[in-house]
Amino acid sequence: MRRRTLLGSALAAPLLANACGSDDDALTFFFQARPEEARVRLRIIDEFRKRHPDIPVRTIMSGPDPLQQMLTYCAGGKCPDVLMAWELLYAGLAERGVLLDLDTLLDRDPHYAAELRRDSFPALYDTFTYGGGQYALPEQWSGVFLYYNRAMFADAGLTPPTRWGDAWSFEEFLDAARALTRRDGDGRTTRWGFADAWVPYFSAACFGMNNGAEWFTPSVNPTRTNVGDPRFAEGFQFYADLAVRHRVAPRVADQQSVSAPDLFRRGRAAMALGGHWLYSEFAGNEGVPIDLTVLPVGPHGGPGSITDVGCTGLSIAADSPRIEQAWEFVKFATGPVGQAIVAASGLFVPVLQSAMATPGFAAAHREIRNLEVMTDGPANSRPLPVTPMWGKVSALLERGGNRVLRGAATAQSLGGRLAADVDALLGAP
Amino acid sequence: MSTSVDDTVVSDANDVPPPRSRGTARPGRLARRRERAGWLFIAPNLLAVLVFLLFPLGFSLYLSFHSWDLFSPPRFVGTANYRRLFASDPLFLIALRNTAVFTVLTLLPTVVIGLVVAAVLNRKVFGIGLFRTMAFLPLVASTVAMAVVWRFIFTTDDGLLNIVLGWFGVDPVPWLTDPDWALVSLSIVTVWKSVPFATVILLAAMQGVPETLYEAAKIDGAGAVRRFRSVTLPLIRGPLSFVFVITVINSVQAFDQAYALTGGNGGPETGTYLLGIMLFQHAFGFYEVGYASALAWVIFAILLVLTVLQLRLSRREETEL
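Just so we're clear, the structure is a prediction, and the values are computed from it rather than from any experiment.

## Section: the environment of B:Lys193
All names here are of chain B.
Okay, so step 1: Among the secondary structure elements, Lys 193 is positioned in helix H8 (residues 179-207).
Okay, so step 2: With relative accessibility at 18%, the residue Lys 193 sits in the buried group.
Okay, so step 3: In this structure, the C-alpha to C-alpha distance between Lys 193 and Val 252, residues 59 residues apart in sequence, is 15 Å.
Okay, so step 4: When residues no more than four places from it in sequence are discounted, the contact partners of Lys 193 are Pro 138, Leu 139, Ala 141, Ser 142, Thr 143 and Met 146.
Okay, so step 5: Reaching out from Lys 193, the side chain makes a polar contact with the backbone oxygen of Pro 138 at a distance of 2.9 Å.

## So, unusual backbone geometry
Okay, so step 1: In the segment running from A:Thr217 into A:Pro218, the intervening peptide bond is cis, with an omega of -20°.
Okay, so step 2: With a phi angle near 55°, B:Glu269 is a residue other than glycine that sits in the positive phi range.
Okay, so step 3: Structurally, the position occupied by B:Glu269 is in the loop between helix H12 (256-262) and helix H13 (275-285).
Okay, so step 4: Taking the relative accessible area as the measure of exposure, B:Glu269 reaches 10% and is therefore buried.

## Regarding the side chain of A:Thr28
All names here are of chain A.
Okay, so step 1: Structurally, Thr 28 can be placed in strand E1 (residues 27-31).
Okay, so step 2: Its relative accessible area of 8% is what places Thr 28 among the buried residues.
Okay, so step 3: Residues within four places of Thr 28 in sequence aside, it is in contact with Arg 58, Ile 60, Pro 80, Asp 81 and Val 82.

## A closer look at the interface of chain A and chain B
Okay, so step 1: In this assembly, 25 residues from chain A lie in contact with 26 residues from chain B.
Okay, so step 2: Looking only at chain A, the three residues that lose the most surface to chain B are A:Arg96, A:Gln256 and A:Arg399, adding up to 30% of its buried area.
Okay, so step 3: Applying the counting criterion to the chain A and chain B interface returns six salt bridges.
Okay, so step 4: One can count seven residue pairs in polar contact (both at pLDDT 80 or more) joining chain A with chain B.

## Looking at the nonpolar core
Okay, so step 1: Within the largest apolar cluster, 150 residues are counted, with the highest numbers of intra-cluster contacts made by A:Trp215, A:Leu242, A:Met271 and A:Leu397.
Okay, so step 2: For this core, the leading source of residues is helix H11 (residues 230-244) of chain A, giving eight residues.
Okay, so step 3: Aside from chain neighbours lying at most four places away, what touches A:Met271 is A:Leu146, A:Tyr147, A:Tyr148, A:Phe153, A:Trp168, A:Phe173, A:Ala177, A:Leu180, A:Gly193, A:Phe194, A:Ala195 and A:Phe264.
Okay, so step 4: B:Phe102, B:Phe154, B:Ala222 and B:Leu275 belong to the second largest nonpolar core, which has 53 residues in total.

## Topic: the UniProt feature "transmembrane region" (unreviewed entry) in chain B
Residues and elements named next belong to chain B.
Okay, so step 1: The residues that UniProt annotates with the feature "transmembrane region" (unreviewed entry) are residues 39-65, 100-121, 133-153, 181-205, 235-255 and 289-309.
Okay, so step 2: Segment residues 181-205 splits into 100% helix and 0% strand. End C-alpha atoms: 35 Å apart.
Okay, so step 3: Its end C-alpha atoms 34 Å apart, residues 235-255 is made of 81% helix and 0% strand.

## Regarding the environment of A:Gly97
Okay, so step 1: Structurally, A:Gly97 can be placed in the loop between helix H4 (90-95) and helix H5 (103-106).
Okay, so step 2: Residues A:Gly97 and A:Ala318, spaced 221 residues apart in sequence, show a C-alpha to C-alpha distance of 6.8 Å.

## Notes on the sheet that holds strand E10 (residues 195-196) of chain A
All names here are of chain A.
Okay, so step 1: Spatial ordering of the open sheet is given by E10-E13-E7-E14, a layout of four strands whose pairing is mixed. Here the strands that pair on one side only, and so sit at the sheet edges, are E10 and strand E14 (290-293).
Okay, so step 2: Sheet analysis places E10 next to strand E13 (residues 271-274), joined by two bridges and oriented parallel. By the bridge assignment for E13, Asp 196 is matched with Leu 273.

Cut-offs and rules
- Residues numbered from 1 in each chain as written.
- Chains lettered and ligands numbered in written order.
- Predicted model: local features only at pLDDT ≥ 70, side-chain atom pairs only at ≥ 80, totals over all residues.
- Heavy atoms only, no water.
- Helix = DSSP H or I, 4+ residues; strand = E, 2+ residues; numbered from the N terminus.
- Buried < 20%, exposed > 50% of the residue type's maximum accessible area, 1.4 Å probe, protein only.
- Contact = heavy atoms within 4.5 Å.
- Polar contact = N/O pair within 3.5 Å; in protein donor to acceptor, adjacent residues only side chain to side chain.
- Buried area = accessible area lost by both parts, 1.4 Å probe.
- Salt bridge = Lys/Arg side-chain N within 4 Å of Asp/Glu carboxyl O.
- Core = buried A, V, L, I, M, F, W, Y, C linked by side-chain atoms within 4.5 Å.
- UniProt positions renumbered as here; feature names shortened; annotations may be inferred.
- Pairing = 2+ DSSP bridges.

Structure representation (structure tokens):
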């Protein structure tokens, strides 16, 4: 009996050691994803494992506040090896030395670096260039566009634009939203013309940018904001009025009980603003045939429509003990092979021109007729501000923006105290 | 019989070993052993207090005189964090004002409702156990979970609260979308969460009031309200004062319910921007741990002053009695 126990222990020991060892040696990958996205992302990790069986990958899913989570991990000395990076958030981590300058790795392989650069969209690649370093490689384009319900548009006899270059005007967009909004006898809205499934003050800023004024100047390490520019304010106000004045979009109060993606998915909204991350939720829903169109352009904007750079990338922790393995993973996910796989998976819009052109990408989005809205998206993206002060700037913008979006002030008010406070934070000369 | 436990303790404490021929060495050793055992028993707690209370306290005081972003080494800045807080941060005044209003909106209803509920639960009626259980349920609910449920109740169009108000012809109230109403909503949730604790304390105190006093008051012709005012209230003044202090402390420190109900930025606008939210935002959103520590010590100072004032007042009232 005793011998058997000893034998059992002896057999179990290497297994346990192996299990512990593999856990300890695994490359940790931190990311945030919706459930549908996470499932596809795991498939990509499986593909990587097939090619690199010697590099085990352990995933760490982010909670609702990824920046705070990364900060806690890294300040506590347990920084994941590979971290998802957001264009608006990475600068603070880069400046504090949390993220590795990937140029140190790219410089070792100038041929690969040159090939990658040539195949990339400059707007996306450069959004992760901060203070002379490359702190992430872009992994997905997540700029925003408009999903629309093809059946509802056809019923109303409307044809929205199909390309960024053929933008519709604010007026045409408002007319369409009006025509698509339905109310019952009591005046309650049964169907909205437009619903915003993104962050409202970001979306409003996109409408401001589409009226001919950039949000911040310059985009990397900005020194001032243009929220006070009359053109930006006019675009911002147009967005706010959709809900507050024209009632073709849900107001803040209307969105408390039901989310915009749900409204669109249930056929209670004809258009929804969002990025590719919503595709897996919207596609394939019985009775809700979807297609894509572009944002409208204001009287001072154009000629074509633009969107935000909206980009996530992959970074490596500066103090990672597995930098080589991490680099293999980042190269796989952001390089030609990985991007072609993700393009075919329908997970996101790839960031390499070669991957965008693969038949796999089109096959993964068969439901979409206006695929150019996605494929030409990166080229029509304009940068969002990259600043280590983004946390504070964002808190200020949210406060000021909410006031306008709930109709308690006009967008012209943004140019007063708010703009001065933001400029002071940015250290405007 | 009922004193046997106390007797044992007393006899143990006085249990002096009989003198032995070889002097006083033995009793000394026993006493030392007992002392050692005592220290051993409290060691885990003492260690926990040192590690989780005293060290963070001291470290946060140290950090409050430094600029620290969690990654670079802390840089000594003297009293700059405190000066910035009082002289150049407009949001500190907003947080202070919001916290003061929130404390008043929470404190009075909590104490009044707590008193009434305790008085009701103190009565000997059929099924009182069930009512007591129901009254104490919020005490065991997770703050975040109940804040999420309250979010649905506060929904402007389809929320339970506005539906009920609609039956009485009241227009929908923008509970969470209007900055002023948001603070009221936050107070309602906090009162709902705080009342059971106040009730537990006050009910225990009420049950300690001798029945004979009520009987005497009854004979003197005092009604229920008069008995409550002239007998119950004076005799539960101590616990009442404790409830006051604890509610003030909880209100000034409020964070979790505000975070879950209206988000980490204290919105809408600055409607629910409390000191707790400000502290969290600076420490974990803006990487300003030194500044957040200075704010924590200012909150500590405010609470200390309020508590000392409250204790002085309650002591003075006691002597007047």
